[in-house]
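# Architecture and fold: a report
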Amino acid sequence: MSKIDATLKGLEVSNFIGGEWVKGSGKSLDIISPYTGSSCGTVHIANAEDVKSAVTAAKQNQKEWAAQSMKSRAAILFKFRDILFRDQDKISSIVAIENGKMIPEARAGLMKGVEVLEYALSLQNSDVGGKMEVSRGVFCEYRRQALGVVASITPFNFPAMVPMWTIPIAIAVGNAYIWKPSEKTPITSKYIADAFAEAGLPAGILTVVQGEREVVEAIIDHKDVKAVAFVGSTKVAELVYKRATGNGKRALCLGGAKNHIVLLPDADIEVTGMGISDSFTGCAGQRCMAASVLLAVGDVTAHIDKIKERAESQVLGDSMGAIITAAQLEFLNAAIERAVKDGATLLLDGRNAEAPVEYKNGFWLGPTILDHVKAGSEAAVTELFGPILAIVRCENITEAIKIQNSSEYGNAASVFTSSGPMAEYVAANTECGMFGVNIGVPVPREPFSFGGVKSSKFGHGDITGDQSLDFWTDVKKVTTKWENQKDHNWMS
Ligand code: NAD
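A few words on the domain arrangement of the chain. What the domain assignment reports for the chain is domain 1 (11-255 + 456-477) and domain 2 (259-437). The interface of domain 1 with domain 2 comprises 19 residues on the first partner and 24 residues on the second. In terms of surface lost to domain 2, no three residues of domain 1 exceed Tyr35, Met102 and Ser456, which account for 31% of the buried area on that side. Summed over the shared surface of domain 1 and domain 2, the number is 7 residue pairs in polar contact (both at pLDDT 80 or more). Its residues assigned to classes, the side of domain 1 that touches domain 2 comprises 6 nonpolar, 9 polar and 4 charged.

Okay, structure coming up:
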């Protein structure tokens, strides 16, 4: 596996406003690499006044951008795609350094973002609207129109992929877009914004403002920001959703997750071992699609042995990355301790895993498996966001589904079985937005859309796919009559 350069320091990122990188009037924050536990760079954050300037700059070229044909906007997105492919090594390594992921994981995230970009590129051939002769000589048609200035706020865990869920589509349909990356992983935004600029995107069509709560609130409160997309924890998703909709804006806010996997005794042992183990250990468990609770129905001892065997083979810093902050690592260690006090058995204790020598001051936790976790206990219900799998033993499928559906979250769920009817039954009765059969990370591929239910999402529709078009546009209904008709009706 390719390794990251732990000696890398002094990376700088600021705010991209009106096509220029500007320092911003807020403070400067250290960016701590989870690999080393020390600063790899600095982010210069904005304040509420900078947000006002950013919106003014974004408005400047938006109408002209929206007036171009979809084809000419897509031409720039095509160039952007070429640049991402050219620079993928550099971008993946930046994502890994600031986020703690392995480089292959960082690259996979970037490429998932490219899939959404390709969907946006396909709009030039597919978004034909609709037109019909509704009465003799009278035509009604749908025309999609950009909203104007729109914004999104993104989390630390996928610095390239999550922003790319929205940027290409929102820009392709003619909006100017303001992006507030996570202050924990802001450096990637420099590479994405520079790639857009090199591709020829007009100034102000992509803006990056760095910051924390003050900047987010200034974006949400600005009267000229028409729509806000958010991805992050449920607590903040709800705050942002309420504030944005309270201000009369369109909002779609994706929150946290606690994903359950129902494991039946007839499941293939190899497929199960790999699928479930990789789901909870990939990206060190810091993904909203990670397996978190294993609902083990009946005797699945051989399957659990296989999950453990594969998890044990992970090598920190070589096949598995780090935890985002020292505080989060402390939280995870304490949560493991509390789970044991709550009666769980430690099948695999990641706290004993060896941290890589060259990154010994980083934030490391190995795969952890807690068995006999009680339904309703903290490890079974709280989003921990780390490489921890809580196994809850169940008598039957009915009990497993009941536990899954009692979760406040509804992002993803899966079943592992060799029975089609059983898989269908669990799929039909499980409350979640994305469901997998014999797949641990059931992320839909484009053009199928991404989004959860319950407190994993506030707002209507999904963040990618066709529904995202409705989010980023208004649909104008145009009725046209050119002929001078003899017969009159109410439409004359
Ligand atoms: P977070 O909620 O702490 O931060 C997300 C964004 O909100 C950041 O840009 C941050 O600066 C901003 N923010 C933080 N506090 C704020 C406040 N009080 N007011 C306004 N803005 C604020 O989330 P995180 O720790 O960066 O990311 C991890 C979380 O994101 C997990 O809960 C994970 O499940 C979730 N997530 C969900 C999805 C999904 O598709 N549902 C995808 C990725 C991550």
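That shown, we press on.
It is worth spelling out the sheet that holds strand 15 (residues 345-348) at this point. Strand order in the open sheet formed by 7 strands is 15-16-17-14-13-19-20, and the pairing between neighbours is mixed. The sheet is open, and its two edges are formed by strand 15 and strand 20 (434-437), each paired on a single side. Neighbour-to-neighbour, the strand axes of the sheet open up by a mean angle of 20°, direction not taken into account. Pairing of strand 13 (residues 259-263) with strand 14 (residues 291-297), which is carried by 5 bridges, proceeds in the parallel orientation. From the neighbouring strand, asparagine 259 faces strand 14, where its bridge partner is alanine 291. Here helix 11 (residues 326-341) sits on the sheet in contact with strand 15, strand 16 (368-371) and strand 17 (388-394), set at roughly 20° to strand 16.

Glancing now at empty space enclosed by the protein. For the structure on display, the rule yields 4 cavities of 30 Å³ or more. Size it by volume and the largest cavity reaches roughly 100 Å³. Gly285, Arg287, Ala290, Ser292 and Phe385 are the residues nearest the centre of the largest cavity, which is lined by 13 residues in total. The residue inventory of the lining of the largest cavity, partitioned by class, reads 6 nonpolar, 4 polar and 3 charged.

Contacts to the ligand come from 26 residues, most closely from Lys180, Glu183, Ser233, Gly255 and Glu383. Glutamate 183 places a side-chain nitrogen or oxygen 2.6 Å from an oxygen atom of the ligand. The contact in question runs from a nitrogen atom of the ligand to an N or O atom on the backbone of glycine 255, over 2.8 Å. For the shell around the ligand, the secondary-structure elements that each account for two or more residues are helix 7 (213-221) and strand 11 (225-231). The class makeup of the residues in the shell around the ligand is 14 nonpolar, 8 polar and 4 charged. Inspection of the shell around the ligand shows a minimum of three residues originating in each of domain 1 (11-255 + 456-477) and domain 2 (259-437).

Following glutamate 446, the chain continues to proline 447 via a peptide bond in cis, the omega torsion being 10°. Positionally, proline 447 belongs in the loop between strand 20 and strand 21 (453-454).

The mixed open sheet is built from 3 strands, whose spatial order is 1-5-4. Of all the strands in the sheet, just strand 1 (11-13) and strand 4 (28-32) have a single pairing partner and so form its edges. Strand-to-strand twist across the sheet, computed as the mean angle between neighbouring axes with direction ignored, equals 25°. Those strands touched by helix 6 (residues 187-199) are strand 1, strand 4 and strand 5 (39-44), and its axis lies near 65° from that of strand 1.

As a further point, take the pairing of strand 5. The buried fraction of strand 5 amounts to 5 of the 6 residues, a majority that puts the element mostly inside the structure. The sheet contact formed by strand 1 and strand 5 spans 3 bridges and is parallel. Paired with glutamate 12 across the two strands is threonine 42, which belongs to strand 5. In terms of strand pairing, strand 4 meets strand 5 through 5 bridges, oriented antiparallel. Counterpart to serine 28 in the pairing with strand 5 is histidine 44. If you look at the hairpin formed by strand 4 and strand 5, you'll find 6 residues sitting between the two strands, and glycine 37 has a positive phi there, around 75°.

Rules behind the numbers
Residues numbered from 1 in each chain as written. Predicted model: local features only at pLDDT ≥ 70, side-chain atom pairs only at ≥ 80, totals over all residues. Heavy atoms only, no water. Domains from an automatic or database assignment. Contact = heavy atoms within 4.5 Å. Buried area = accessible area lost by both parts, 1.4 Å probe. Polar contact = N/O pair within 3.5 Å; in protein donor to acceptor, adjacent residues only side chain to side chain. Nonpolar A, V, L, I, M, F, W, Y, C, P; charged D, E, K, R; others polar. Pairing = 2+ DSSP bridges. Helix = DSSP H or I, 4+ residues; strand = E, 2+ residues; numbered from the N terminus. Axes fitted to C-alpha atoms, helices over the stretch in contact; angles between N-to-C directions. 1 Å grid on protein atoms, 1.4 Å probe; cavity = no way out; pocket = protein on both sides within 12 Å on 5 of 7 lines; lining within 4 Å. Points joined across faces, edges and corners; volume = space filled by probe spheres on them. Near = heavy atom within 4 Å. Buried < 20%, exposed > 50% of the residue type's maximum accessible area, 1.4 Å probe, protein only.

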